[in-house]
Amino acid sequence: MDHFLYRDGALYAEDVPVAEIAAAVGTPFYVYSSATLLRHFRLFDEALAGMDHLVCYAMKAASNQAILKTLAQAGAGMDVVSQGEYLRAKAAGVSGDKIVFSGVGKTAEEIRTALSGGIRQFNVESEPEMEVISAVAQELGQVAPITIRVNPDVDAKTHAKIATGKSENKFGIPIARARAVYAHAASLPGLQVVGIDVHIGSQLTDLEPFRKAYEKVAELTESLRADGHDIRRLDLGGGLGIPYTRSNEAPPLPVEYGQLIKETLGHLGCEIEIEPGRLIAGNAGLMVSRVIYVKSGEDREFLIIDGAMNDLIRPAMYEAYHDIVAVTEPAPGIESLAYDIVGPVCESGDTFAKQRTMPPLVAGDLIAFRSAGAYGAVMASEYNSRPLIPEVMVNGDQFAVIRARPDFDEMINRDTIPEWL
Ligand code: LLP
């Protein structure tokens, strides 16, 4: 459920007409609903009620300060994967003891920053990384809390580019080697082993892969405890999928996911962490764009819009489907047309949808890409020298620009010209 609904023939973001925001900030732009963000966070929080737990929002999904602050104020922790994300989380007021640091290639500098500013735990991905964390912690006179990310060799049954839990993926250590790697970790003076971490992929629409992975984690918890490790925390990653179409998709609900966690791991008495990103932010954001031209090709109509692949790359990168709706509600019974919806970037890949059924549209009309809140703005670039598009947040009947559109000079003046030119 989200808070982008038609009212009196117009698309609203909570209590604000989307067209009003477009008039104020220009197009294209991203708009987020605070109520949807909070609703999704709370669904996870409630799904784990009765277990000691922390929902660490995977901020790679959408990392604007206003989004982080909205969630942090509701009690969310953060899952970060870089120094930049760590510093963004801190800047939004998240305390170090609610930040977990994931990622396959943490540098010594990143580790130092997190240890100095406070960290709940590092989710370690390899033995060499473990040694660096231990060394940096010792240098700072600290002991770093760690979990080790195990790769359970489970097929997440999702898009190949976002599956992470098979043995051929670069993530984690093979679960079969876990006992040896934990023994190594325990021997390093700068580390304190606190738990196990697992994350098998993103946009999972079936609970079975989670079940398989979590059963393996339960088994591993018992054997590591038998080896003398104090396994008291399980970080179960993110990955629960969202409906990208409104009709034919019904991924499992957070409450069902929570139930599965209780069933597979509840008996262990561990503190549970989860790292959802997409389910919190995905359906809490739209990308709004304007039709520039309607062009007739030989056998098709193109809607050429002012948003492009640099603003929302998911369709070009993963063949992802986003629901696209007209901001003015189509009149009942109006005959739809099929359009290829494309951006202005000079690549055929800059295609959002082919033969998409839409109400008849003309130049100047506004359209909205639904489910664009996660992995939208954060994956944008300035390709074709198109400045990053603004982000707006709505809260009830108020809205605020939470990242302004840079002007062209700002973009150009980031470059510097060598003296010899
Ligand atoms: N934890 C870890 C260690 C992760 O790598 C990820 C996502 C998450 C949590 C959050 O997963 P989520 O709940 O959002 O599925 N750009 C792609 C998705 C990449 C996901 C990367 N890792 C897309 O647009 O579909």
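Thresholds applied
- Residues numbered from 1 in each chain as written.
- Predicted model: local features only at pLDDT ≥ 70, side-chain atom pairs only at ≥ 80, totals over all residues.
- Heavy atoms only, no water.
- Domains from an automatic or database assignment.
- Contact = heavy atoms within 4.5 Å.
- Buried area = accessible area lost by both parts, 1.4 Å probe.
- Helix = DSSP H or I, 4+ residues; strand = E, 2+ residues; numbered from the N terminus.
- Nonpolar A, V, L, I, M, F, W, Y, C, P; charged D, E, K, R; others polar.
- Buried < 20%, exposed > 50% of the residue type's maximum accessible area, 1.4 Å probe, protein only.
- Arc of directions from axis to C-beta.
- Near = heavy atom within 4 Å.
- Polar contact = N/O pair within 3.5 Å; in protein donor to acceptor, adjacent residues only side chain to side chain.
- Areas by Shrake-Rupley, 256 points an atom, 1.4 Å probe, with all protein chains shown as cover.
- Phe/Tyr/Trp six-rings, centres within 6.5 Å; stacked < 30°, edge-to-face > 60°.
- Lys NZ or Arg CZ within 6 Å of the ring centre and 35° of its normal.

**A closer look at the domain arrangement of the protein chain**
One can read the domain layout of the protein chain as domain 1 (4–31 + 282–412) and domain 2 (35–280). Summarising the inter-unit geometry, the C-alpha centres of domain 1 and domain 2 are found 32 Å apart. With 23 residues of domain 1 at the contact, the number on the domain 2 side is 24 residues. Where domain 1 abuts domain 2, roughly 2,000 Å² becomes buried across the two surfaces, and 54% of that area is made up of carbon and sulfur atoms. Sorting the residues of domain 1 by area buried against domain 2 places Asn283, Tyr318 and Tyr375 first, and these three jointly supply 26% of that buried surface. Ranked by residue count, the leading element in the side of domain 1 that touches domain 2 is helix α11 (residues 314–318), at three residues. Looking at the side of domain 1 that touches domain 2 residue by residue, the classes come out as 10 nonpolar, six polar and seven charged.

**A few points about helix α4 (residues 83–91)**
By the burial criterion, the buried members of α4 are Gln83, Glu85, Tyr86 and Ala89. Down the axis of α4, the sector holding all buried residues measures 165 degrees, keeping them to one side. One or two steps after α4, the chain reaches Gly93, where phi turns positive at roughly 95 degrees.

**Observations concerning the site of the ligand**
Neighbouring the ligand are 18 residues; Ser202, Glu275, Arg278, Arg314 and Tyr375 lie closest to it. Between the ligand and Asp79, the relevant distance is 3.4 Å, taken from a nitrogen atom to a side-chain nitrogen or oxygen of the residue. Contact between the ligand and Glu275: a nitrogen atom at 2.6 Å from a side-chain N or O atom of the residue. Protein contacts shield 91% of the accessible area of the ligand, which totals 590 Å² for the unbound molecule. Here the shell around the ligand is built from residues that sort into six nonpolar, six polar and six charged. Here the shell around the ligand spans two domains, since at least three of its residues come from each of domain 1 (4–31 + 282–412) and domain 2 (35–280).

**Quick look at the packing of aromatic side chains**
Taken as a whole and judged by the stated rule, the model has seven aromatic pairs. Centroid distance Phe44 to Tyr257: 6.3 Å. Interplanar angle 85 degrees. Geometry classified as edge-to-face. Here Tyr257 lies in helix α9 (residues 254–265) and Phe44 lies in helix α2 (residues 34–47), a separation of 213 residues in the sequence. As far as the burial class goes, Phe44 and Tyr257 line up, both buried. By the ring-pair criterion, three or more aromatic residues cluster together here, those being Phe44, Phe210, Tyr214 and Tyr257. Sitting over the ring of Tyr12, Arg7 keeps its end group 4.5 Å from the ring centre.

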